[in-house]
Structure formats: C-alpha cells, structure tokens
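Breakdown of the fold
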Amino acid sequence: MPHATVPGYQHIQVTELGPTFGAEVSGIDFSKPVEPDVFKEILDATIKYAVLVFRNAGLDDARHVAFSRLFGELDDVKPYLTLGRKNRFPFDELFDVSNQEDDGSIVQIGSKREQTGRGNSLFHCDSAFNPRRAGYSLLRAHELPPPGNGGNTDFADTRTAFDELPADLKSELLENDYIGANSLWHSRRKACPESEFLASIDPEAYPFGRHRIVQRHEPSGRMNLYIAHHLHHLEYPDGRRVEEPKSTELIERLLAHATQDKYLLSVEWRQNGDVVCWDNTAVMHRAGGGTFQGRFKRDMRRTTVHDGSSTAWGLNERTTKRMGLP
Ligand code: OGA
Ligand code: MN
C-alpha cells in the first residue's frame, strides 16, 4: 500500500517506509548540483528517518561524490587498499562494494574475497573499527543483478531499540557506560568460521575502534545503541575489560534485541541508479545476500562521510590509520 506524503517539506516529497524509520524521497533533480534549501530538507529527513531511499537518482560517479560532500568530510579509499588492491574508480572517495574481482569477473563463492566479504552480511555500522567512525554512507546501484535474485540491504533501527530496551538492561547500560571494542577482523571471523585464513588471524593483534555503546545521537537528540557485529568485547570506562562470559553475552543480547523484526527494514534495490543514504550513528545495516552471489554482477559504489559529531573519534587516538580491505 503506498504511504502518504509527509507534510512539511517544500522542496522534496517524503514517504515513510516503516513505522519508526526509513523514508523514500523524491522530487530532487540530481542532474545538477543540489541547492542548499533542497539539501537542508534532505538533511532534516535523514536526521529524522536515518535511512533515505532515492529511486533512480541517476547520479554518475562525479555527482555521487559531489552530492555526498554536502553531508560532510568524505573518507577516502586509499588507506584501505592493501595487498595490491587498486581502486577501479577515478575518485578516491568512491568505495567499491561490488562483487567483482579486479579483472572484472564475478567473485566466486568460497574464494578468499567472498569469505572475507561475508562480514557485510552481519549487521554492522561502517567504520566502527576505525579511529574515526562513519556518519553517513551513500550507496548507489550502478549495475544490479536481474530482479528476483536477492541483494536487498537491511537496516535495524538502533535508536528505537534503545528506547525500548528492557528496563533492567537499560539501567545496567546507563550505570556502567560500557565502551565497545570494535574489530573488522572479529566480524569477518564471526561471519565465516570455516575460513582457515580468518581463523589464523587474531583480532587482538590489531587496534580496536573504541566507542561508547550508549550515545546520544546529536543531530536528533535521541539516544542510540551504537552496537555492531564488529563488537569484540566490552570495557568499563576505567579501561578494565568486562569479564567473560558476561561481555560476550551482553553483546549478543543487545544485538538480538536490536535486530528483532519490529526494528528491521529491508530495502529492495529496484533499478540501476537507486541510491540509499543511511546514518551509521543511528542504524545498523547488512547485505541481505541472495541467489545472485557467484552468478550475477552486483556493482555497488559507496561514499562514506566521516562522523561530524563530538564523539566521532570515540576513545581512539586521532590517527589517519584505517583497517585494510582483503
Ligand atoms: C556497505 C554495505 C551492503 C550491501 O556498503 O557498507 O554494507 O547491501 N553494503 O551492499
Ligand atoms: Mn557496510
């Protein structure tokens, strides 16, 4: 059933996608730079809905990057390119999220790259493992697999999940003010326990991205649960590690709570040119997977906006280091 247009916007049309978050936005002419008064409404909608879907926006690489810049300072892909990987695109701000190998062939199921990339199928926030976390991500479908082969992107509303925490859990979190230690290697290992390569890697040998798991989402003033499958363990504010099995049990309980059906929204990619923008400091997301994997190209391109809030760096040193890609 089509949803009604939300009143109050002069330049864009906004329709809600779910009861607590997510909206589809139309009426924007993406063939030219987005005007400040139009962008102001887009930003207002992003702050409120956390996930915005722009159908058939028709952005090319350059306009994708230019539009993303309106949201803040962009992360660049160069520090991530390890093991001889190169960026396919002429823009350092464009991340390759496709299932294509460097030679253009489709990533095969069971290959090292596919196994390592499987971490994306677990709910996460982009760059939680880096010294500076990501704010917004803008993902664009350049070439989608044929319809009916899956490949949705799913979202979890972690602001509403915080609001609705069981009372005992909410007061425990507020009293202890836990710090989450996030690791990209940890989520990769969790997503693919059968990989010998991943099993041989010790996440503790790499720096963690430390961020408080309960934070106020500054743009909206709402509280947020900043959790992800990147969470390797929890710490107390004085730096002591929360003992096991308590730490892991708490992480799993919070992830299970925040990913109940009532907090989820699955976004279907319908046509090339669709763009989805989300706020990593208000939602988690995951790649839904599907029968396209190993068979059809899914060429997705992403820009990542550094978080501009006062807690962007969490408890981390302000370095330019990033975790490498496989
Ligand atoms: C990402 C991501 C999910 C997808 O680009 O950060 O997690 O559906 N993508 O491709
Ligand atoms: Mn992601």
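As the structure is a computational prediction, the values presented were derived from the model and not from experiment.

The next subject is the sheet that holds strand S8 (residues 209-212). Taken in spatial order, the three strands make up an open sheet running S8-S7-S11, and their pairing is antiparallel. Each having just a single partner strand, S8 and strand S11 (231-235) make up the two edges of the open sheet. For this sheet the average axis-to-axis angle between neighbouring strands, irrespective of direction, equals 30°. Relative to S11, strand S7 (residues 179-182) runs antiparallel, the two sharing four bridges. Across the sheet, the residue bridging to Gly180 is Leu234, located in S11.

Our next topic: the side chain of His186. In this fold, His186 is placed in helix H6 (residues 184-191). Reaching out from His186, the side chain makes a polar contact with the backbone oxygen of Leu231 at a distance of 3.2 Å. Setting aside chain neighbours within four positions, we find His186 in contact with Pro203, His229, His230, Leu231 and His232.

The next point concerns the coordination of the manganese ion (ligand 2). Taken together, His124 (NE2), Asp126 (OD) and His285 (NE2) make up the protein donors of the manganese ion (ligand 2), found 2.1 to 2.2 Å from the metal. Counting the intervening residues between successive donors of the manganese ion (ligand 2) yields the motif H-x1-D-x158-H. Its relative accessible area of 4% is what places His124 among the buried residues.

Another point: the sheet that holds strand S6 (residues 153-157). As summarised here, the arrangement of the three strands in space is S12-S6-S14, forming an open sheet in which the pairing is antiparallel. Edge strands, defined here as strands with exactly one partner in the open sheet, are strand S12 (264-267) and strand S14 (283-287). Adjacent strand axes in the sheet meet at a mean angle of 20° when their direction is disregarded.

Membership of the largest hydrophobic core comes to 30 residues, with the highest contact counts inside it found for Val14, Ile28, Ile42, Phe54, Phe67 and Phe71. Of all the elements in the fold, those that place two or more residues in this core are strand S2 (23-26), helix H1 (36-49), strand S3 (51-54), helix H2 (61-69), strand S5 (134-143) and strand S13 (275-279). Per element, the largest residue contribution to this core is six residues, and it comes from H1. The residues touching Phe54, leaving out its near neighbours within four places in the chain, are Val25, Ile28, Phe30, Ile42, Phe67, Gly273, Asp274, Val275 and Cys277. Ranked by size, the runner-up nonpolar core spans 28 residues in total, among them Leu169, Ile213, Tyr236 and Leu250.

In the vicinity of ligand 1, the contacting residues are Val97, Asn120, His124, Asp126, Leu139, Thr153, Trp278, His285, Ala287, Arg298 and Arg302. With respect to ligand 1, the side chain of His124 contributes an N or O atom lying 3.2 Å from an oxygen atom. For ligand 1, whose unbound accessible area comes to 290 Å², protein coverage reaches 99%. The residue makeup of the shell around ligand 1, split by class, is four nonpolar, four polar and three charged.

About the criteria used
- Residues numbered from 1 in each chain as written.
- Chains lettered and ligands numbered in written order.
- Predicted model: local features only at pLDDT ≥ 70, side-chain atom pairs only at ≥ 80, totals over all residues.
- Heavy atoms only, no water.
- Pairing = 2+ DSSP bridges.
- Helix = DSSP H or I, 4+ residues; strand = E, 2+ residues; numbered from the N terminus.
- Axes fitted to C-alpha atoms, helices over the stretch in contact; angles between N-to-C directions.
- Polar contact = N/O pair within 3.5 Å; in protein donor to acceptor, adjacent residues only side chain to side chain.
- Contact = heavy atoms within 4.5 Å.
- Donors = N, O, S within 2.8 Å, 3.2 Å for Na, K, Ca; no water.
- Buried < 20%, exposed > 50% of the residue type's maximum accessible area, 1.4 Å probe, protein only.
- Core = buried A, V, L, I, M, F, W, Y, C linked by side-chain atoms within 4.5 Å.
- Near = heavy atom within 4 Å.
- Areas by Shrake-Rupley, 256 points an atom, 1.4 Å probe, with all protein chains shown as cover.
- Nonpolar A, V, L, I, M, F, W, Y, C, P; charged D, E, K, R; others polar.

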